[in-house]
Amino acid sequence: MSDKLQKIIDALGHYDGPLVRLMEVCGTHTGEIARNGIPSLLSPQIRLIAGPGCPVCVTVSAYIDRLCALCREPRTTVLTFGDLMRVPGSRESLAGARADGGSVEMVYAPADTLRLAQEAPEQRFVFAAVGFETTAPVYAELLEEAVRLDLGNLRLLTSLKTMPQVIRQVAQMEETQIDGFLAPGHVAVITGSQPYEALARELGIPFAISGFGAASLLMSIYTLVRLKGQGICRNLYPEAVTTAGNQRAQELVLRFFEPCDAAWRGMGVIGGSGLRLRDEFRGFDAAGQRDTEQMVEDVTPAGCKCAEVLIGRISPGECPLFGTVCTPGQPHGACMVSEEGSCRSAYEYG
Ligand code: SF4
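Residues numbered from 1 in each chain as written. Predicted model: local features only at pLDDT ≥ 70, side-chain atom pairs only at ≥ 80, totals over all residues. Heavy atoms only, no water.

Considering empty space enclosed by the protein
The full count for this structure, using the stated rule, is two cavities of 30 Å³ or more. Together, 13 residues line the largest cavity, and Cys304, Cys306, Cys319, Cys326 and Cys343 are the ones closest to its centre. Taken together, the residues of the lining of the largest cavity break down into ten nonpolar, two polar and one charged. Within this model, the second largest cavity holds a volume of roughly 40 Å³. (1 Å grid on protein atoms, 1.4 Å probe; cavity = no way out; pocket = protein on both sides within 12 Å on 5 of 7 lines; lining within 4 Å. Points joined across faces, edges and corners; volume = space filled by probe spheres on them. Nonpolar A, V, L, I, M, F, W, Y, C, P; charged D, E, K, R; others polar.)

This is the structure:
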């Protein structure tokens, strides 16, 4: 360990100033912070709070319900990445719908969806497109290929979200009292640091764009503690994040998608925080007008406190079901499903 890192660890461990509440808004950061035992290195005056950075955790139940309904329609198969399978809808999960006879298949890469759609032209395939700015270019590339192949039997049911708007909302909630944000590293690779520089100025609190190693995370936490009260953004992940980001990916996303309002679990509808297919690509959209209006409802499983965990109002361990009724083997709520979920991270790493 370098002398510099040791000094940072000592400073964070002995910090005795006013309480500092920092939120990480990236599920991978949440997992790495827990896996590296970083909270145990911090003074009790520095609190880390996991935010709404796990895409399947913030997906509302109405979206899962719509997928469960689609997989029971004639000659229709729902395709999804594995994480979404066990996320609860208002009545069942996709895994439950499949056990009940629904047609649901897990895919490991978007290319799998193209292959399946080409192999069975009489079947309609609906791909569950969930994610943040990081994943949106992947769906845009998929659509580019689907257009090129003139695939008429592939649709997307989108629940794509963007980060700056939800960060603003969480920062402005009275009960959260966030003093600084660890900005999402993977998302910033695509968007660049600009959105977070603007947010820092607007909100008057510091942001640190962090890498994923323990040293980078500790440096970012140290930076945020030192900058408390200042609207400054520091890019501490310069090897991957530039000011402007990946412009080719941004352009590709904007070719197929446009901003829209989006519903977030526990936070309701946040203006301009989503992406939907542009009108000219509606032929690839599995959602009709009615779906778009209705996919905002969010029914949380009985007793689950995900809505409060996602905005840092409570920690996972404060949910009465944590580790008893709700475990990674049998998740009761969305935050226990994915490795990026805060309840799952808390359960796995303590
Ligand atoms: Fe929901 Fe389970 Fe987390 Fe409780 S422990 S908030 S039930 S995911």
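Considerations on the pattern of salt bridges
Tallied over the entire structure, the rule returns 15 salt bridges. A salt bridge links Glu119 to Arg115, with the shortest nitrogen-to-oxygen separation between them at 3.6 Å. Placement of the pair is Glu119 and Arg115 together in helix H5 (residues 110–119), with a separation of four residues, close to one helical turn. Judged by relative accessible area, Glu119 falls into the exposed class, the value being 56%. Classification of Arg115 as partly exposed rests on a relative accessible area of 39%. With its nearest N and O atoms 3.9 Å apart, the salt bridge here joins Glu339 to Arg344. You can call Glu339 exposed: its relative accessible area is 61%. On the accessibility criterion, Arg344 (14% relative accessible area) is buried. A single salt-bridge network, built from bridges that share partners, covers Arg72, Glu92 and Asp100. (Salt bridge = Lys/Arg side-chain N within 4 Å of Asp/Glu carboxyl O. Helix = DSSP H or I, 4+ residues; strand = E, 2+ residues; numbered from the N terminus. Buried < 20%, exposed > 50% of the residue type's maximum accessible area, 1.4 Å probe, protein only.)

Overview of the nonpolar core
Soluble globular proteins: nonpolar side chains tend toward being buried together. Core analysis: the biggest nonpolar cluster contains 71 residues, and Tyr63, Leu84, Leu157, Ile167, Phe181, Tyr196 and Phe207 have the highest contact counts within it. Examining the composition of this core, we find that six residues originate from one element, helix H3 (residues 61–70), more than from any other. Contact partners of Tyr196, with chain neighbours within four places excluded, come to Met163, Pro164, Ile167, Ala183, Pro184, Val187, Ala188, Thr191, Phe207, Ile209 and Cys233. Counting residues in each nonpolar core, the second largest holds 27 residues, with Leu116, Phe127, Leu154 and Val253 among its members. (Core = buried A, V, L, I, M, F, W, Y, C linked by side-chain atoms within 4.5 Å. Contact = heavy atoms within 4.5 Å.)

Some points on the state of the cysteines
Evaluation of the coordinates by the stated rule reveals one disulfide. Note that Cys54 is cross-linked by a disulfide to Cys57, the S-S spacing being 2.3 Å. Between Cys54 and Cys57, the disulfide has an S-S torsion of 75° and is therefore right-handed. Exposure class is identical for Cys54 and Cys57. Each is buried. Here Cys233 is not disulfide-linked; the sulfur of Cys26 is the nearest cysteine sulfur, at 15 Å. Residue class for Cys233 comes out buried when judged on its relative accessible area of 15%. (Disulfide = S-S within 2.5 Å.)

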